[in-house]
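Residues per chain, in single letters:
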Amino acid sequence: MSASPLIEIRDLRIRFHGDDGRITHAVDRVDLSVANGATLGLVGESGCGKSVTSLAIMGLLPKQTTEISGAIRFDGFDLLQAPDQTLRDLRGNRLAMIFQEPMTSLNPSFTIGDQIIETILRHRGGSRRSARERAIELLRRVHIPSPERRIDEYPHKLSGGMRQRVMIAMALACDPQLLIADEPTTALDVTLQAQILELMRELKAASGAAIILITHDLGVVAEVCDEVAVMYAGEIVERAPVNELFSAPQHPYTVGLLGSIPRLDHRAEQLATIEGMVPNMAQPPAGCRFAARCPFVLEACTRAPPPLMKISPGHVSRCIRAPLELLVS
Amino acid sequence: MALLEVEGLVKHFVARRSPFGRALAHVKAVDGVSFSLEAGKTLALVGESGCGKSTISRLVLRLIEPDAGTVRFNGRDLLSLDAGALRKFRREAQIIFQDPYASLNPRMTVGQILTEPLALHDLVPPAQRRDRVAEILRLVGLEPRLERRYPHEFSGGQRQRIAIARALAVEPKLIICDEPVSALDVSIRSQILNLLRELQDRLGLAYIFVSHDLAVVKHIADRVAVMNLGCIVEEADADALFAQPRHPYSRALLSAIPLPQPHAKRTKVVLQGEIPSALNPPAGCRFHTRCPFVIDRCRTEAPALTADGAGHATACHRVNELPSADTILPATAGFTPALAKLVAAFSRKTEGATLPGVGIQGARPTTT
């Protein structure tokens, strides 16, 4: 990790207050940082807190029902303390986000051109004509055929892959320093997914932006990320450079995940399964949150929450039994 | 004789009508598809959205009527069956859907959901139905006491187990699995895939497995049919197809799948352009607009699906001229030795500790 990361999250905790008075611990003790030009994969299953973390960075969580503590530092700002006006200036400008559902994240009653131009005018100003030229240029960059014509079309005229490309073009409109992509290819067919991933790699190489890629697909992570953080039940359980995570994972949950995916490059008679359920996040367990499902559990695991322990440079795991190699040798 | 033989199946949906009701445009969802399936085996239908794979699964069950073609189940022509005979056939062929949140009636308890097929087909005398329900629940790894719960009390994986249990209740010979694990998280997905394999071994079931996920298909299928825009473009034994995909579309699909192996050395075939609409499929070979190996002949003449001596069938004019497909999937095994050991230890311990799928949301997991 370089001396001053572009974005640095320290001890982020997010709690939701439900109507019935129940408090859900959605995110706990999350520390993350991403350097300029790097891609961080944020991996985990439904409800692990990966999307909530990204919404917190963007300042998009509902204020009335959410309790956030910790710090999110982005280029000198603390995003959690920043006034709304500052956030509005940053969002869509230096911080941009792509959502999973390109169907619902575009406004159906405006042309795609209007929506891209709005972003450019809001943050960059200038004339409408120059903004339109820039919008066409952006559509060309994301490989939309005949962008001069497509710019005046409404979202419903475009296929899913095209819409996702429009979303990417919009996110890139002001050359963001940080791009958050939340499951950007999950709704797409594999051949389109390959095109979009290729595009993201291209754009990263061209602009040097940092990317946080949120996904449940370990294949996508292996293809595009430099570093990976695995989340489970609101916590980061392991963080490592991508090669290390896939060759020598240090948290049992990561081992379970890697063993449970059917692979094209490997034949397994039986896939690994992770038995049991995710703990109830209204009353998270006192000790390790994975303890109830962990085959390597010890009594000590259930007593106190394990700290993130350093295994090797850049590789940390929230497991007191790490390094795991010792368990099988 | 094969359990299921499908011959020249065609289904065109009307997409637009004139004010007088005349059909103006058709979606050619399935356009001349033939395949067969042996008892106890798994045939996977793979392809992207709109390729017709789900339509085939409904045609095979006669949930919708084909425009042409025949479906023979155990030698009997399904399309000639009257209502009574069709109901009897439904005992032998069942379906599991993708979304276990939408496919279970929220107002019925699990017990009622599983008793209904027993009562409809009058399979088990009323007095013994509860015992049979308990037995089926155990078969899919759920505890019999969960019988009184409603679907909303279960997680996605458990609901899919209930949907499987419902299909198994009538002791079918064939189950159509339409994207059965696509809506599930990865760790749950592996449980359901293991369960489907185990049930097949135990009960001799045949599956038609409809999926867009080729890694899942490789894990579960004996034979694979790759579909593009209503037609099968390649059909082969799973091992043969994944070792040497022949059709350019199969190659593109395989090379598009991200491997959970950083810096894997492989050739990428990234297709350009969009998937053409099934409303107006391209003339000639339906893949020619995206095919990197296209020649003039492909634009005018549709290639036939022709099999070689080993039963590997491909529909491509240039099948013998294409470059080797060796590097589409890297040959090196995925796990490092250390990781393989860890995964094995992880699996051994979890299997020994608890039975799969017991416990329920909000309740303590119980050991049996």
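Definitions and cut-offs
- Residues numbered from 1 in each chain as written.
- Chains lettered and ligands numbered in written order.
- Predicted model: local features only at pLDDT ≥ 70, side-chain atom pairs only at ≥ 80, totals over all residues.
- Heavy atoms only, no water.
- Domains from an automatic or database assignment.
- Contact = heavy atoms within 4.5 Å.
- Buried area = accessible area lost by both parts, 1.4 Å probe.
- Salt bridge = Lys/Arg side-chain N within 4 Å of Asp/Glu carboxyl O.
- Polar contact = N/O pair within 3.5 Å; in protein donor to acceptor, adjacent residues only side chain to side chain.
- Helix = DSSP H or I, 4+ residues; strand = E, 2+ residues; numbered from the N terminus.
- Nonpolar A, V, L, I, M, F, W, Y, C, P; charged D, E, K, R; others polar.
- Buried < 20%, exposed > 50% of the residue type's maximum accessible area, 1.4 Å probe, protein only.
- Pairing = 2+ DSSP bridges.

### Section: the domain arrangement of chain B
Residue and element names in this part refer to chain B.
Okay, so step 1: Taken domain by domain, chain B consists of domain 1 (4-221) and domain 2 (231-314).
Okay, so step 2: Centre-to-centre, using C-alpha coordinates, domain 1 lies 27 Å away from domain 2.
Okay, so step 3: In this assembly, 17 residues from domain 1 lie in contact with 15 residues from domain 2.
Okay, so step 4: The contact between domain 1 and domain 2 buries some 1,400 Å² in all, and 67% of this surface belongs to carbon and sulfur atoms.

### As for the interface of chain B and chain A
Okay, so step 1: Facing 61 residues of chain B, the contacting portion of chain A comprises 54 residues.
Okay, so step 2: In this assembly, chain B packs against chain A so that about 5,500 Å² is buried in total across both faces, 61% of it on carbon and sulfur atoms.
Okay, so step 3: Its largest share of buried area at the contact with chain A, chain B owes to Pro260, Leu342 and Phe346 of chain B, together 14% of the area lost on that side.
Okay, so step 4: Viewed at the interface, chain A and chain B are joined by 1 salt bridge.
Okay, so step 5: Here Arg266 of chain B and Glu223 of chain A are joined by a salt bridge, their closest N and O atoms 3.4 Å apart.
Okay, so step 6: Here chain B is connected to chain A by 12 residue pairs in polar contact (both at pLDDT 80 or more).
Okay, so step 7: Secondary structure elements with two or more residues in the side of chain B that touches chain A: helix H6 (186-203), helix H7 (214-220), helix H8 (238-243), helix H9 (248-256) and helix H11 (337-353) of chain B.
Okay, so step 8: With 10 residues, H11 of chain B is the largest single contributor of residues to the side of chain B that touches chain A.
Okay, so step 9: Residues belonging to the side of chain B that touches chain A are distributed by class as follows: 29 nonpolar, 20 polar and 12 charged.

### Some thoughts on the side chain of Arg15 of chain A
Residue and element names in this part refer to chain A.
Okay, so step 1: Checked against the element boundaries, Arg15 lands in strand E1 (residues 7-17).
Okay, so step 2: For Arg15, a relative accessible area of 19% translates into the label buried.
Okay, so step 3: For Arg15, the side chain forms a polar contact with the side chain of Asp28, separated by 2.9 Å.

### Some remarks on the sheet that holds strand E5 (residues 77-78) of chain A
Residue and element names in this part refer to chain A.
Okay, so step 1: Pairing in this open sheet of 4 strands is antiparallel, and the strands run E2-E1-E4-E5 from one edge to the other. Either end of the sheet is taken by a strand with one partner, and the two such strands are strand E2 (23-34) and E5.
Okay, so step 2: Direction of pairing for E1 relative to E2: antiparallel, over a ladder of 8 bridges. Opposite Leu12, over in E2, you have Val30 as the bridge partner.

### Looking at H9 of chain B
Residues that lie three or four places apart on an α-helix share one face, since the helix turns once every 3.6 residues.
Okay, so step 1: For H9 of chain B, a buried count of 9 out of 9 residues is recorded, marking the element as mostly surrounded by other parts of the structure.
Okay, so step 2: Three or more residues of H9 of chain B are buried, namely Pro248, Tyr249, Ser250, Arg251, Ala252, Leu253, Leu254, Ser255 and Ala256 of chain B.
Okay, so step 3: Elements that come into contact with the buried residues of H9 of chain B comprise helix H7 (190-207) of chain A together with H7, strand E9 (223-228), strand E10 (231-237) and H8 of chain B.

### Side note on the pattern of salt bridges
Okay, so step 1: Scanning the entire structure with this criterion turns up 44 salt bridges over all chains.
Okay, so step 2: As a salt-bridge pair, Arg303 of chain A and Glu299 of chain A come within 3.1 Å of each other at their nearest N and O atoms.
Okay, so step 3: On the accessibility criterion, Arg303 of chain A (56% relative accessible area) is exposed.
Okay, so step 4: Here Arg246 of chain B and Asp308 of chain B are joined by a salt bridge, their closest N and O atoms 2.9 Å apart. Here Arg246 of chain B is found in the loop between H8 and H9, whereas its partner Asp308 of chain B is found in the loop between strand E11 (306-307) and strand E12 (313-314), with 62 residues between them in sequence.
Okay, so step 5: Overall, Arg246 of chain B belongs to the partly exposed group, its relative accessible area being 28%.
Okay, so step 6: Assessed through its relative accessible area of 31%, Asp308 of chain B is described here as partly exposed.
Okay, so step 7: A cluster of three or more residues bridged by salt bridges with shared partners is formed by Arg15, Asp28, Arg29, Glu235, Arg289 and Arg318 of chain A.

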